Structure formats: structure tokens, C-alpha cells
Amino acid sequence: KTTVGKKVAKLLGRRFVDADVELEARTGRSVAAWFEAEGETGFRRAEADLLADLLAEADPLVVGAGGGVVVTEANRRLLAGPGVTTVYLHAEPPFLASRVQAKPHRPLLGDDPLATLAPMYDARDPWYREVADLVVEVRPAHEAGEKPKWRLAETVVEGLVAAGVVPALEVAP
């Protein structure tokens, strides 16, 4: 999401914000530290506050939100709200598990990513579809060969242009 989000922002000439990185910059606490200190509930509360703040900014930006952002009902309302365009980068759990590596900023994945991702997907996929203005399949871009993240970013922008969210003239060459 971060790499694709950065590329989408570049194509649109907008600022990119990775929500997890921004939360750490504002609070001095990593996602893992939030989970350790205040559990998922505390982290989700801080994530919701940050999302509301980012979406209230005057200048349009591209936000790379964490995978669990849709868990919170308030976030789903924001993501589905007026003036917000939500893109769901969709992939099935086996594909995601084949690509993910355990990292400190992913405290929920554990030792068996597929066993963890499958129930998360089952819970979150309907919420993502509920708030998404555009669903982009991730796997075809990876199977098509070189530069899959650029291909995904271009697909996102093409979808936004087709949906009338951004005019074609706004897209940087």
C-alpha cells in the first residue's frame, strides 16, 4: 500500500501520507508500541483520530491507511463520506501470505501469516467493499511482469479518472 500510494500521489501531484508512519511521527510511538502499551483498542482509537485529522486537511492527499482501518465504524463512516475517495487494493489471503514478511510494524500477523490473514480477510473484506469507491485487484499486476507497483498505481489512477474523481488533465505525465 505504501509504495503504490506514493506512486499514485506522484501521478496525481499530491502529497502522500502513510498513516502508520504519521502516527509514529506525531506520537513518538510505533504501531507495535501502541499495541504493547494500549492494546488494539488504544491503537484503533489513535488511528481513528489521525484519520479524521488527515481527511480534514484542506489540500487533497493520498493516504496509505493500515489494513485494519476499516475495523472501526467511525473510520468506515469517514472513508465512505463526501469528499473522500477510497481505493481498496484487493488480494486473497494466500497471495498476501506469499508476499508478506514478519515485520515489527505488523503486530497482528504472528508466525503463520496465512492462518492469521484468512480470518482478518473474512472480517474486513465486506467492510472494505462497503466503503470502497474503487476496487483494484493486486494479483494481476504482479503476474503481468515487471514493475507491478507502478502498474497498480496506474490502474488506480485510470480508475479514478474513469470514475470522474480526478480529471485526466490532473494526472502528471
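Residues numbered from 1 in each chain as written. Predicted model: local features only at pLDDT ≥ 70, side-chain atom pairs only at ≥ 80, totals over all residues. Heavy atoms only, no water.

Undergrad: I'd like a rundown of the packing of helix H1 (residues 2-12) against helix H8 (residues 148-162), residues and numbers included.
TA: In a packed pair of helices, the relevant descriptors are the angle between the two axes and the axis-to-axis distance. Running from N to C, H1 and H8 cross one another at 50°; their axes reach a closest spacing of 8 Å. As summarised for this structure, H1 and H8 are arranged oblique, according to the angle between their axes. In this structure, H1 meets H8 at a crossing whose hand is right-handed. Seen from H1, the contacting residues are Thr3, Val4, Lys7, Val8, Lys10, Leu11 and Leu12; seen from H8, they are Lys149, Trp150, Leu152, Ala153, Glu154, Val156, Val157 and Leu160. Classifying every residue of the contact of H1 with H8 by side-chain character gives ten nonpolar, one polar and four charged. (Axes fitted to C-alpha atoms, helices over the stretch in contact; angles between N-to-C directions. Helix = DSSP H or I, 4+ residues; strand = E, 2+ residues; numbered from the N terminus. Parallel < 35°, antiparallel > 145°, perpendicular 65-115°, else oblique. Left-handed = near helix turned anticlockwise from the far one by under 90°. Contact = heavy atoms within 4.5 Å. Nonpolar A, V, L, I, M, F, W, Y, C, P; charged D, E, K, R; others polar.)

Undergrad: I'd like a description of the pairing of strand E3 (residues 87-90), backed by residues and values.
TA: A regular strand places its side chains so that they alternate between the two faces of the sheet. Of the two faces of E3, the one holding Tyr88 and His90 is buried and the one holding Val87 and Leu89 is not buried anywhere. Two strands pair when backbone bridges link them, and E3 and strand E4 (residues 134-137) are joined in this way by four bridges, in the parallel orientation. For valine 87, the partnering residue across the bridge sits in E4 and is leucine 134. (Buried < 20%, exposed > 50% of the residue type's maximum accessible area, 1.4 Å probe, protein only. Pairing = 2+ DSSP bridges.)

Undergrad: Let's hear about H8: which residues, and what values?
TA: Each full turn of the α-helix corresponds to 3.6 residues, which orients residues three or four apart in the same direction. The terminal C-alpha atoms of H8 lie 21 Å apart, and with 15 residues this matches the ideal 21 Å at 1.5 Å per residue to within 8%. Among the structural elements, H1, E3, E4 and helix H7 (139-143) are those in contact with the buried residues of H8. Once H8 finishes, glycine 164 follows within two positions and takes phi at roughly 80°, a positive value. (Expected span 1.5 Å × (residues − 1).)

Undergrad: Account for the pattern of salt bridges, naming residues and giving values.
TA: Evaluated as defined, the whole model comprises eleven salt bridges. Across the pair arginine 44 and glutamate 47 runs a salt bridge, and its minimum N-O distance is 3.0 Å. A residue pair is termed a helical-turn pair when its members lie 3 or 4 positions apart in one helix, as arginine 44 and glutamate 47 do in helix H3 (residues 31-55) at three residues. Neither arginine 44 nor glutamate 47 differs from the other in exposure class; each is buried. Where salt bridges share partners, they join Glu22, Arg26 and Asp53 into one cluster. (Salt bridge = Lys/Arg side-chain N within 4 Å of Asp/Glu carboxyl O.)

Undergrad: Give me the lowdown on the nonpolar core, citing residues and values where you can.
TA: Grouped together as the largest cluster of nonpolar side chains are 19 residues, with contacts concentrated most on Val8, Leu12, Leu152 and Leu160. Looking at this core, the elements with two or more residues in it are H1, E4 and H8. With eleven residues, the next largest nonpolar core counts Leu23, Val31, Ala46 and Leu61 among its residues. (Core = buried A, V, L, I, M, F, W, Y, C linked by side-chain atoms within 4.5 Å.)

Undergrad: How would you sum up the packing of helix H2 (residues 19-27) against H3? Please name residues and give values.
TA: Contact geometry of H2 with H3 gives a least axis separation of 10 Å together with a crossing angle of 105°. By the angle between their directions, the pair H2 and H3 is classed as roughly perpendicular. Here Ala19, Asp20, Glu22, Leu23, Arg26 and Thr27 of H2 lie close against H3, whose contacting residues are Val31, Trp34, Phe43, Ala46, Leu50, Asp53 and Leu54.

Undergrad: Residue-level account of helix H6 (residues 113-131), with values.
TA: For H6, with 19 residues, the first-to-last C-alpha span of 25 Å sits near the 27 Å given by 1.5 Å per residue. Largest kink in H6: about 35°, centred on arginine 124, with the proline proline 126 one to four residues after it. Along H6, the residues that are buried comprise Thr116, Leu117, Met120, Tyr121, Arg124, Asp125, Tyr128 and Val131. Where the residues of H6 are buried, they touch H3, helix H4 (73-79), E3 and helix H5 (93-99). (Bend = angle between axes of the 7 residues up to and from the residue.)

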